[in-house]
Amino acid sequence: MTECAAVSILFCGTALGRRIEHAEAALIGAAVGAALYRGTGGFALPIAGGLAAFAEPGAPFNKVVGLGFGGVPTAAEFEAVERAYAERGSPTPVELSTLADPRIAELLAARGYRAVAFEDVLGRTLGHPAGQAPADIEVRPASEHELDAWVDVVVQGFAHPDGEGVPSPEEFPREVVARAERDFAAAGVTPYLAVLDGHIAGGGSMRVTDGVAQLTGAATAPADRRRGVQGALLAARLHDAEAAGADIAVVTTAPGSLSQRNVQRRGFHLLYTRAILVRAAGQ
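The numbers attached to residues start from 1 for each chain and follow its sequence in the written order. Given that this is a predicted model, residues contribute local features only at a pLDDT of at least 70 and side-chain atom pairs are listed and counted only at 80 or more, while totals for whole chains, interfaces and linings are drawn from all residues. Side-chain numbers come from the whole structure's heavy atoms, not from hydrogens or water.

> Would you take a moment to explain the pattern of salt bridges for this structure?
Close approach of charged atoms allows side chains of opposite charge to pair. By convention in these notes, a salt bridge is any Lys or Arg side-chain nitrogen within 4 Å of a carboxyl oxygen on Asp or Glu. Taken as a whole, this structure holds 17 salt bridges when the rule is applied. The shortest N-O distance in the salt bridge between Asp247 and Arg19 comes to 2.9 Å. One end of the pair, Asp247, is in the loop between α7 (229-243) and β10 (248-253); the other, Arg19, is in helix α2 (residues 14-37), and 228 residues separate them in sequence. What you see here is one network of salt bridges that share partners, running through Arg38, Glu56, Arg179 and Asp183. Secondary structure follows DSSP: runs of H or I at least 4 residues long count as helices, runs of E at least 2 residues long count as strands, and numbering of each begins at the N terminus.

Here it is, written out as structure tokens:
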């Protein structure tokens, strides 16, 4: 029996979607909080059960997340969010789940938002075998003195995408991504290193919120790809997520990407898609 056959298919209704989106908002809020501690002049504004976040110019977590599961914001509330982004020279990006209240999409369309990209959210239940890592790959949480090495390998991996699936229109400066990864670590994300043949070949991270294990930031150094690093990182984090009391694990991928194929081989199923919508600054 294959591993995927052994993992029960996870159905995602609005209740589970709410849990996952609330976990996402909590993660982004904590990371932006770490950035604000550095004095970046950003913001984290609650809005209708979600969060409008801005860390610094060009940061990957400058976006509105978690909408659609806690009521519909008023036009005035959205105007205040849009002003906050515009004051920092930024458009207003919104990530909206297909499980969200459809009135949110109507509101955004009326305000001139347009879809520029999509990302898939996949998940699986825990309590099933997560597969075995190759014997020559060691995966472990990074120690404090290994944080620089973890940031380096993750940033290096992100700078060289796998080239499969739908390309993302978003590009982030390398130094901004590095600071964002440090903010994630400061926000309580556990960093992981994958060591292959005595050198660091990949990195990933995980955060557990209300039983939802978010597997974030996984990347492999280009020279070490196709050697099982991603599978090893997945297996280790799934094992630790279960030990931490999580009942589900989720991961976000680009549609049709190699990363998506890798996690589906480990028993993940597509739960829903997020549309990335943008209203240009000054519109």
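From this point, the discussion proceeds with the structure in view.
> How should I be thinking about α2 in this particular structure?
Quick reminder: α-helices carry 3.6 residues per turn. Residues three or four places apart thus point the same way. In this model, α2 (24 residues) spans 34 Å end to end at C-alpha, consistent with the 34 Å of a helix rising 1.5 Å per residue. Trailing α2 by a residue or two, Gly39 shows a phi angle of about 85 degrees, which is positive. Between the first and last residue of a helix there are one fewer steps than residues, each counted as 1.5 Å, and that sum is the expected span.

> Explanation requested: the packing of aromatic side chains in the structure shown.
How two aromatic rings sit relative to each other is given by the distance of their centres and the angle of their planes. Any two rings among Phe, Tyr and Trp, with Trp reduced to its six-membered ring, count as a pair given centres within 6.5 Å; such a pair is stacked if its planes are under 30 degrees apart, edge-to-face if over 60, and tilted if neither. Per the stated rule, a full pass over the model turns up 5 aromatic pairs. With 6.0 Å between their ring centres and 75 degrees between their planes, Phe78 and Tyr113 make a pair best called edge-to-face. Placement of the pair is Phe78 in helix α3 (residues 75-86) and Tyr113 in the loop between α4 (102-110) and β5 (114-125), with a sequence separation of 35 residues. The structure contains a cluster of three or more aromatic residues connected by ring pairs, namely Phe43, Phe54 and Tyr85.

> Got a minute to help me understand helix α8 (residues 258-265) in this structure?
Along α8, the residues classified as buried are Leu258, Gln260 and Val263. It only takes one pair of heavy atoms within 4.5 Å for two residues to be counted as in contact. Packed against the buried residues of α8 are β5, α7 and β10. Count one or two residues on from α8 and you reach Gly267, which has phi positive near 95 degrees. Each residue gets one of three labels from its accessible area relative to the maximum for its type: buried under 20%, exposed over 50%, partly exposed in between, using a 1.4 Å probe on protein chains only.

> Explanation requested: the pairing of strand β1 (residues 43-47) in the structure shown.
Two faces belong to every sheet, and in a regular strand the side chains alternate between them. Summarising the sheet, β1 and strand β2 (residues 50-54) pair through 5 bridges and their orientation is antiparallel. Paired with Phe43 across the bridge in β2 is Phe54. The pairing criterion is simple: DSSP has to find at least two bridges between the two strands. Here β1 hands over to β2 after 2 residues, with Ala48 in that stretch at a positive phi of 50 degrees.

> Would you mind showing me how to read the side chain of Ser205 here?
Structurally, Ser205 is set in strand β8 (residues 199-209). Side-chain atoms alone can form a polar contact between residues adjacent in sequence; in general such a contact is a pair of N or O atoms within 3.5 Å, and within protein one must be able to donate a hydrogen while the other accepts it. Engagement of the side chain of Ser205 in a polar contact is seen with the side chain of Thr216, the distance being 2.6 Å.

> Is there a simple way to think about the confidence of the model for the protein chain in this case?
Caution is warranted with low-pLDDT regions, since their predicted coordinates should not be read in detail. The pLDDT score gives, residue by residue, the confidence of the prediction method on a 0 to 100 scale. Overall, the prediction assigns the protein chain a mean pLDDT of 89, with 90% of residues at 70 or greater. Low pLDDT, under 50, characterises residues 1-5; the stretch is placed with 11 contacts to residues that sit more than four places away or in other chains.

> Before we go on, may I ask you to explain the packing of α2 against helix α6 (residues 174-186) in this structure?
Angle between the axes and distance between the axes: these two values describe a pair of packed helices. Axis definition: a line fitted to C-alpha atoms, over the contacting stretch in the case of helices. Angles run 0 to 180 degrees between N-to-C directions. Interaxial distance between α2 and α6 falls to 8 Å at its minimum, and their mutual angle equals 110 degrees. In terms of their interaxial angle, α2 and α6 are classed as roughly perpendicular. Judged by the twist between their axes, the crossing of α2 over α6 is right-handed. In contact with Leu27, Ala31, Ala34 and Ala35 of α2, α6 contributes Asp183, Phe184 and Ala186. Three classes are used: nonpolar for Ala, Val, Leu, Ile, Met, Phe, Trp, Tyr, Cys and Pro, charged for Asp, Glu, Lys and Arg, and polar for all others, with Gly counted as polar. Grouping the amino acids of the contact of α2 with α6 by side-chain chemistry returns 6 nonpolar, no polar and 1 charged. Oblique is the label for any angle not covered by the other classes, which are roughly parallel (under 35 degrees), roughly antiparallel (over 145) and roughly perpendicular (65 to 115). By convention the crossing between two helices is left-handed if the near helix lies anticlockwise of the far one by an angle smaller than a right angle, and right-handed if it lies clockwise.

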